[in-house]
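The residues making up each chain are set out below.
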Amino acid sequence: MPLLEWSDKYNTNIRVIDIDHQNLFDAINALYDANESGHGVDRIDVAIKALRTYVVVHFEHEEHVLEQAGYPEFDRHRATHRDFTHVIDSLAELYRQDPDNVDVNKVLDFLGDWLTDHILKTDMDYVPYVRGEKEGNPPPETSVHGPQTGPQTDVHIAFTVPANKADLIKGFVDSVMGQDLAAENFEKAFQLAHKILEENSLARAKKLFGVR
Ligand SMILES: [Fe+2]
């Protein structure tokens, strides 16, 4: 018997989303099978990587749908996706470092609870906006990407930010684009912040998945 069983209550009736969610159920069940069958580290490793791929692809699909629908809680929803992606990345890294130290049963409990809870509570909230039953915000201007032929090529990036952070973000972009010491320091600070985020995420995954 699979760990997760699909039922009608998970249907959003948005085809692309439901297909993705079913793929995620299958990916978690594949990890469950790999663990139960005792076929060892390689199969579990493959299953974790496959799950990661499905997660990333699904979040891209879903965020595109939500952005086009002008879903008012888009930023908050996207933040939960980022958070989950960090956990999965950290899980993959911890399993790569030392498979024996990861409690796969705890991983499966976490994944199953997260996904079913996310679909039933967080995802269901956007359904009326996507189906046009509730009116969303106007969708953002479409991003136009130029051909990225080299580091000197300019590309146009358009994205939506919270109004109270717009000036800060514009200032940050201006500073980073400079050719001076400030730009260099900004880049270093960003890399450092990214590293701290990664370390925090690993520490959290260690707690979640029983790593000593
Ligand atoms: Fe979602």
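Refer to the structure presented above.
Side note on the environment of N29
One can find N29 in helix α1 (residues 15-36). Owing to 19 C-beta atoms within 10 Å, N29 belongs among the partly exposed residues under this scheme. Taking the C-alpha atoms as reference points, N29 and P72, 43 residues apart in sequence, are found 33 Å from one another. Excluding residues that lie within four positions of it along the chain, N29 makes contacts with P2, L3 and L4.

Structural notes on the packing of helix α6 (residues 166-177) against helix α7 (residues 181-208)
Between α6 and α7, the shortest axis-to-axis distance is 7 Å and the interhelical angle comes to 115°. Compared by their axis directions, α6 and α7 come out roughly perpendicular. Across the interface between the two elements, S175, V176 and M177 of α6 pack against A182, A183, F186 and E187 of α7. Split into classes, the residues belonging to the contact of α6 with α7 amount to five nonpolar, one polar and one charged.

Observations concerning the nonpolar core
Core analysis: the biggest nonpolar cluster contains 27 residues, and I28, L31, L51 and L91 have the highest contact counts within it. Sort the elements by how many residues they give to this core and α1 lands first, with eight residues. Sequence-distant contacts of L31, defined by excluding residues within four places in its chain, comprise I44, A47, I48, L51 and L108. In terms of nonpolar packing, the next biggest core, distinct from the first, is built from seven residues, Y71, F74, Y129 and V130 among them.

Things to note about helix α3 (residues 74-97)
Look at α3: 35 Å from first C-alpha to last across 24 residues, which is about the 34 Å you get at 1.5 Å a residue. Within α3, burial applies to F74, V87, I88, S90, L91, L94 and Y95. Each element contacted by the buried residues of α3 is listed here: α2 (41-69), α4 (104-123) and α7.

A look at α4
The largest bend in α4 comes to about 25°, at D117. All of the buried residues along α4 are V104, V107, L111, L115 and D123.

Conventions and cut-offs
Residues numbered from 1 in each chain as written. Predicted model: local features only at pLDDT ≥ 70, side-chain atom pairs only at ≥ 80, totals over all residues. Helix = DSSP H or I, 4+ residues; strand = E, 2+ residues; numbered from the N terminus. Buried ≥ 20, exposed ≤ 12 C-beta atoms within 10 Å, placed from the backbone. Contact = placed C-beta atoms within 7 Å. Axes fitted to C-alpha atoms, helices over the stretch in contact; angles between N-to-C directions. Parallel < 35°, antiparallel > 145°, perpendicular 65-115°, else oblique. Nonpolar A, V, L, I, M, F, W, Y, C, P; charged D, E, K, R; others polar. Core = buried A, V, L, I, M, F, W, Y, C linked by C-beta atoms within 7 Å. Expected span 1.5 Å × (residues − 1). Bend = angle between axes of the 7 residues up to and from the residue.

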